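Take a look at the letters that make up each chain.
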Amino acid sequence: MTAHVVVGVDGSPASQAAVEWAADDAVRRGRPLRIVHVCAPWIYDIPLQTPPGFRDSMTEYCQEILDTALAQARSHAPGLQIETVRERGKAGEVLRREAEDAEEVVVGSRGLGGFTGLLLGSVSLALAGHVAAPVVVVRKPRRHVHDEIVVGLDGPPAPEAVFRYAFEEAAMRKAVLHVVHTVQTPVLGPYAEAYTSLIDDAFVTEKRVAAETLEPWRERYPQVEVRRTVVIGHPVAVLCEASQTADLLVVGSRGLGRVGAAVLGSVSHGVLHHARCPVAVVRPRGEA
């Protein structure tokens, strides 16, 4: 099975929400869905002195998680072609392999092994920015449909893979695409008032640049209604605020202010932790 949507499941509430999100998107894309559950290696390495049947019960537990996810997907999206895979190993490593021939990978924000105080689990971090396919991180079940996709713009040129994914999602959903461009002003200290006109000029310039950057994309996707916002503020705070009324927030794996050694940039990392809707992290083509 190729060109499919992969969803990783572990029985947690977040992964259950991910199953529904992935099933919906697979239907929109006209792609089959592959549900993957990874059993911990120790289940297969249980010492002989353990009580009889313990290994079998743990294997059954893993299969039950997979079967439950399959039933959930079938109920949520009748008629969708679905394949299930049960593997042993580390979830992050297995899902990275699964991502190699996937169109998209969907995971819950935090699994059963997560700590209560952590909003983002190790598997999500192991995938976002590390695989070629877009990675969607889902935190909770959808309660409302806002018919809006938010994408962050950090300056020209607009990242091809990020904007293609965002425009395609908006087109498939018949949703508004809200392009958010943030402008961060320098700390000017007690003489800030003297630079007010310079800040205003810079803001006007950024609005013009954002409009020019979007023009080719409007021409490629004339069916998508685009709303543009240019605002002064920190990108994480601004994008997370916009996510409150969005169905999906799309960001690149690294921003223009990236550190060369960082696979996942600070903005991507920040919104994954704090966004109020599912987040898609899209890695530009050719990025190692």
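Residues numbered from 1 in each chain as written. Predicted model: local features only at pLDDT ≥ 70, side-chain atom pairs only at ≥ 80, totals over all residues. Heavy atoms only, no water.

Asks: I'd like to hear about the overall build of the chain, residue by residue, with values.
Replies: Broken down by element type, the chain carries 8 helices and 10 strands. Expressed as a percentage of its 288 residues, the buried residues of the chain come to 47%. Residue pairs at least 24 apart in sequence account for 80% of intrachain contacts in the chain once pairs closer than 6 positions are excluded. A total accessible area of about 14,600 Å² is found for the chain, and carbon and sulfur atoms account for 54% of it. (Helix = DSSP H or I, 4+ residues; strand = E, 2+ residues; numbered from the N terminus. Buried < 20%, exposed > 50% of the residue type's maximum accessible area, 1.4 Å probe, protein only. Contact = heavy atoms within 4.5 Å. Areas by Shrake-Rupley, 256 points an atom, 1.4 Å probe, with all protein chains shown as cover.)

Asks: Describe in detail the nonpolar core, supporting the description with residues and values.
Replies: What tends to happen in soluble globular proteins is that the nonpolar side chains get buried as a cluster. The biggest cluster of nonpolar side chains holds 48 residues, and the ones touching the most others in it are V7, L33, I35, V106, F163, L177 and V250. Counting residues in hydrophobic clusters, the runner-up holds 32 residues, among them V150, L239, V251 and V271. (Core = buried A, V, L, I, M, F, W, Y, C linked by side-chain atoms within 4.5 Å.)

Asks: How would you explain the pattern of salt bridges if you had to name every residue and give the values?
Replies: Tallied over the full model, the rule gives 16 salt bridges. Residue R220 pairs with E160 through a salt bridge whose shortest N-O separation is 3.2 Å. Of this pair, R220 sits in helix α6 (residues 196–220) while E160 is found in helix α5 (residues 160–173), placing the two residues 60 residues apart along the sequence. Given a relative accessible area of 43%, R220 falls into the partly exposed group. The shortest N-O distance in the salt bridge between R173 and E169 comes to 2.8 Å. Note that R173 and E169 are positioned in helix α5 at a spacing of 4 residues, about one turn of the helix. Across this residue pair, the class does not change: R173 and E169 are buried. Through salt bridges with shared partners, a single network forms among D25, R28, R29, R31, E103, E104, E169 and R173. (Salt bridge = Lys/Arg side-chain N within 4 Å of Asp/Glu carboxyl O.)

Asks: Tell me about the environment of A133, residues and numbers included.
Replies: As for its placement among the helices and strands, A133 is situated in the loop between α4 (122–127) and β5 (135–138). The spatial distance from the C-alpha of A133 to the C-alpha of V281 is 9.0 Å, given a sequence separation of 148 residues. Excluding residues within four positions of it along the chain, A133 makes contact with A99, A102, E103, E104 and V105.

Asks: Give me the sheet that holds β5: which residues, what numbers.
Replies: Taken in spatial order, the 10 strands line up as β3-β2-β1-β4-β5-β10-β9-β6-β7-β8 in an open sheet, and their pairing is mixed. Every other strand in the sheet has two partners, leaving β3 (82–88) and β8 (226–232) as the edge strands with one partner each. Neighbour-to-neighbour, the strand axes of this sheet turn through a mean angle of 20°, independent of strand direction. Bridging between strand β6 (residues 148–153) and strand β7 (residues 176–183) involves 6 bridges; their strand directions are parallel. Paired with G152 across the bridge in β7 is V180. Running over the sheet, helix α1 (residues 13–29) touches β1 (4–9), β2 (33–39), β4 (102–108), β5 and β9 (248–252) and is turned about 155° from β4. Where helix α8 (residues 266–274) meets the sheet, its contacts fall on β5, β9 and β10 (279–282), and the angle it forms with β9 comes to roughly 160°. (Pairing = 2+ DSSP bridges. Axes fitted to C-alpha atoms, helices over the stretch in contact; angles between N-to-C directions.)

Asks: Before we move on, could you go through the pairing of β6 and cite the residues and values that matter?
Replies: Along any regular strand, the residues point their side chains to alternate faces of the sheet. Counting buried positions along β6 yields 6 of 6 residues, so the element is predominantly enclosed. Side chains E148, V150 and G152 of β6 all project onto a buried face; the interleaved residues I149, V151 and L153 project onto the opposite face, where all are buried too. Bridge analysis of β6 against β9 gives 3 bridges, and the strand direction is parallel. Among the inter-strand pairings, V151 is bridged to a residue of β9, identified as V250.

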